[in-house]
Each structure stands twice: as C-alpha cells, then as structure tokens.
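Each chain, letter by letter, is given below.
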Amino acid sequence: MGGSYIPEVPFVPTPENVVRRMLKLANLKETDTLVDLGAGDGRILFIGALEFNANKCIGVEIRADFVKNIEEKIKKYNLEKKVQIVHGNLFDFPLKEADVITLYLLTSVNEKLRSKLERELKPGSRVVSHDFEIPGWVPTKVEEVYDSGRTHKIYLYTIPPVKKPYYF
C-alpha cells in the first residue's frame, strides 16, 4: 500500500473483557462489518466473529509478523469467510463498508485519522476507541472498565446523519 504517514504505535493488547465491552458499546450486530485499524494480535477480530457473530471482521496491520500470526489463527478457527487481515497502512485502507471501527492508537494518530473517518464512514457508523480520544469529536458515550490493575476508558463516537438542506 501507498506511502502515507505510518505512525509509530507500540503494541499493547487490549484486555479481552475490554474488547467485549468495546464491541457491546458499539452495538456490534450480526449484519455489521467490523474494521480494526492496527489489528495487533487479532483479538478484536476473533471476539467480533466468534462471540458477536459479526458478518465480516477485517483487520489492518502494518507488521508482517502479526499478519502471519492472524492468518494462522483464521485457518485454525476456520474463519476464512468471516475474518480477513490486510497487511498495510491503516491510512490507506478504504473504510466505506465499515459499520464499526475499533481503535487502540495514540491521540495524535486518532487526530490524523479523523478526516479520513469523516470522509469515508457512512452515517450511523460507530467508532470505538480504547483509552485515546479523537480530538475535535464529541463522544456519544464514554465508559470506564477496570481490568489488569487499571481503569480503561472507552470512547464511542457515532457518525451523524447527513444534513439535508432546508429550503423555504
């Protein structure tokens, strides 16, 4: 994929019960397409597919070793029809089909990602971010989950409906 900005985000896995709370807060449904930007070890994809029965779970990951690990898990759990991993830069991946986007990036990366999300996501899409806000956006909901000796913050954002012009 292209030569857009590649952020340096350390891999820190989201605890599984925080993942479940994120997906529940985003109201992930069987008909939804989930996109995890910066998929890491793929746990959000697998929980989305196996526990929430989401229609399609797509991860975008820059690190080849993580991509290979996720590909092996997809085969192991026989999820080729539900889970897909894309080796590439999250800034280059098209988001038009996403119903739910999950993020565990830095605030600075979320800020750079904001215009892409605004441009590409359809009204009603939900963006759920672990620990880091999207500057300039007002969350629909904020929740705290205690796990692994600390409190995790989850920010839910909902893409608003398109405003139709009002004519007199």
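Bear in mind that the values here come from a model prediction, so they are computed numbers and not experimental data.

Considerations on the overall build of the protein chain
Okay, so step 1: Along its length, the protein chain carries four helices and seven strands.
Okay, so step 2: Secondary structure elements of the protein chain occur, N-terminal to C-terminal, as α-β-α-β-α-β-β-α-β-β-β.
Okay, so step 3: Its C-alpha atoms give the protein chain a radius of gyration of 16 Å, near enough to 15 Å, the size a compact globule of 168 residues would have.
Okay, so step 4: Its C-alpha atoms put the protein chain at 60 × 40 × 35 Å along the principal axes.
Okay, so step 5: Per-residue burial over the protein chain gives 48% buried out of 168 residues.
Okay, so step 6: Contacts spanning at least 24 positions in sequence make up 67% of the contacts within the protein chain whose residues lie at least 6 apart.

Some points on the nonpolar core
Okay, so step 1: Within the largest apolar cluster, 28 residues are counted, with the highest numbers of intra-cluster contacts made by Leu-23 and Val-83.
Okay, so step 2: Broken down by secondary-structure element, the contributors of at least two residues to this core are α1 (16–25), α2 (43–50), α3 (64–76), β3 (83–87) and β7 (150–158).
Okay, so step 3: Beyond its immediate chain neighbours, meaning those up to four positions away, Leu-23 contacts Leu-28, Leu-34, Ile-44, Ile-47, Gly-48, Phe-52 and Thr-102.

Topic: α3
Okay, so step 1: Its 13 residues place the ends of α3 18 Å apart at the C-alpha level, agreeing with the 18 Å of an ideal helix rising 1.5 Å per residue.
Okay, so step 2: Listed as buried for α3 are Phe-66, Val-67, Ile-70 and Ile-74. Angularly, the buried residues of α3 cover 100° about the axis, an arc narrow enough to put them on a single face. Exposed and oriented more than 90 degrees from the buried face of α3 are Lys-75 and Lys-76.
Okay, so step 3: Elements that come into contact with the buried residues of α3 comprise α2, β2 (56–61) and β3.
Okay, so step 4: Downstream of α3 by a residue or two, Asn-78 has a phi angle that is positive, lying close to 55°.

Side note on the side chain of Asn-110
Okay, so step 1: Relative to the elements of secondary structure, Asn-110 occurs in helix α4 (residues 107–120).
Okay, so step 2: Within polar-contact distance, the side chain of Asn-110 engages the backbone oxygen of Glu-133 at 3.2 Å.
Okay, so step 3: In contact with Asn-110, other than residues within four places in its own chain, are Leu-103, Leu-105, Ser-129, Phe-132, Glu-133, Ile-134 and Pro-135.

Some points on the pairing of strand β6 (residues 141–147)
Okay, so step 1: Where β6 lies against β7, seven bridges are found, and the strand directions are antiparallel. In the strand pairing of β7, Val-142 is matched with Tyr-155.
Okay, so step 2: The hairpin formed by β6 and β7 contains two residues between the paired strands, and Ser-148 there has a positive phi angle of roughly 50°.

Quick word on the pattern of salt bridges
Okay, so step 1: With the rule as written, the count across this model stands at 12 salt bridges.
Okay, so step 2: In this structure, a network of salt bridges that share partners links the residues Glu-16, Arg-20 and Glu-51.

Focus on the environment of Val-83
Okay, so step 1: Within the secondary structure, Val-83 sits in strand β3.
Okay, so step 2: In sequence terms Val-83 and Asn-53 are 30 residues apart; their C-alpha atoms lie 11 Å from each other.
Okay, so step 3: Discounting residues that sit within four places of it in the chain, Val-83 has contacts with Leu-45, Phe-46, Ala-49, Cys-57 and Ile-74.

Notes on the packing of α1 against α2
Okay, so step 1: Where α1 meets α2, the axes come as close as 10 Å, and the angle between the chain directions of the two elements is 60°. It follows that α1 is oblique to α2 by the angle criterion. Read as a crossing pair, α1 and α2 show a hand that is right-handed. Taken together, the residues of α2 that come into contact with α1 (itself represented by Glu-16, Val-19, Arg-20 and Leu-23) are Arg-43, Ile-44, Ile-47 and Gly-48.
Okay, so step 2: Broken down by class, the residue content of the contact of α1 with α2 amounts to four nonpolar, one polar and three charged.

Cut-offs and rules
- Along each chain, the written sequence defines residue order, and numbers are assigned to residues from 1.
- The model is predicted, so local features are restricted to residues of pLDDT at least 70 and side-chain atom pairs to those at 80 or more, both for listing and for counting; the totals for chains, interfaces and linings are taken over all residues.
- Computation of side-chain values covers all heavy atoms of the structure but excludes hydrogens and water.
- For helices the rule is a DSSP run of H or I covering at least 4 residues; for strands it is a run of E covering at least 2, with both sets numbered from the N terminus onward.
- With the radius of gyration taken over C-alpha atoms, the globule rule is written as 2.2 Å times the number of residues to the power 0.38.
- Categorising residues by exposure relies on relative accessible area from a 1.4 Å probe, with only protein chains included: less than 20% of the type maximum marks a residue as buried, more than 50% marks it as exposed, and the intermediate range marks it as partly exposed.
- Contacts between residues were defined by any pair of non-hydrogen atoms, one from each residue, lying within 4.5 Å.
- Buried residues of nine kinds, namely Ala, Val, Leu, Ile, Met, Phe, Trp, Tyr and Cys, make up a nonpolar core once their side-chain atoms join them within 4.5 Å.
- For a helix, the expected span equals 1.5 Å multiplied by the residue count minus one.
- Throughout, the arc means the angular range of directions from the helix axis out to the C-beta atoms.
- Two N or O atoms form a polar contact when they lie within 3.5 Å of each other; inside protein one atom must be a possible hydrogen donor and the other a possible acceptor, and for residues adjacent in sequence the pair counts only when both atoms belong to side chains.
- A pair of strands is considered paired only if DSSP assigns at least 2 bridges between the two.
- Any carboxyl oxygen of Asp or Glu within 4 Å of a side-chain nitrogen of Lys or Arg constitutes a salt bridge here.
- Helix axes are fitted only over the stretch in contact, all axes being lines through C-alpha atoms; the angle between N-to-C directions runs from 0 to 180 degrees.
- Note that the term roughly parallel is reserved for angles under 35 degrees, roughly antiparallel for angles over 145, roughly perpendicular for angles of 65 to 115, and oblique for everything else.
- Handedness of a crossing follows from how the near helix is turned relative to the far one, being left-handed for an anticlockwise turn of less than a right angle and right-handed for a clockwise one.
- Each residue gets one label: Ala, Val, Leu, Ile, Met, Phe, Trp, Tyr, Cys and Pro are nonpolar, Asp, Glu, Lys and Arg are charged, and the others, such as Gly, are polar.

Keep in mind these numbers describe shape, not what the thing actually does.
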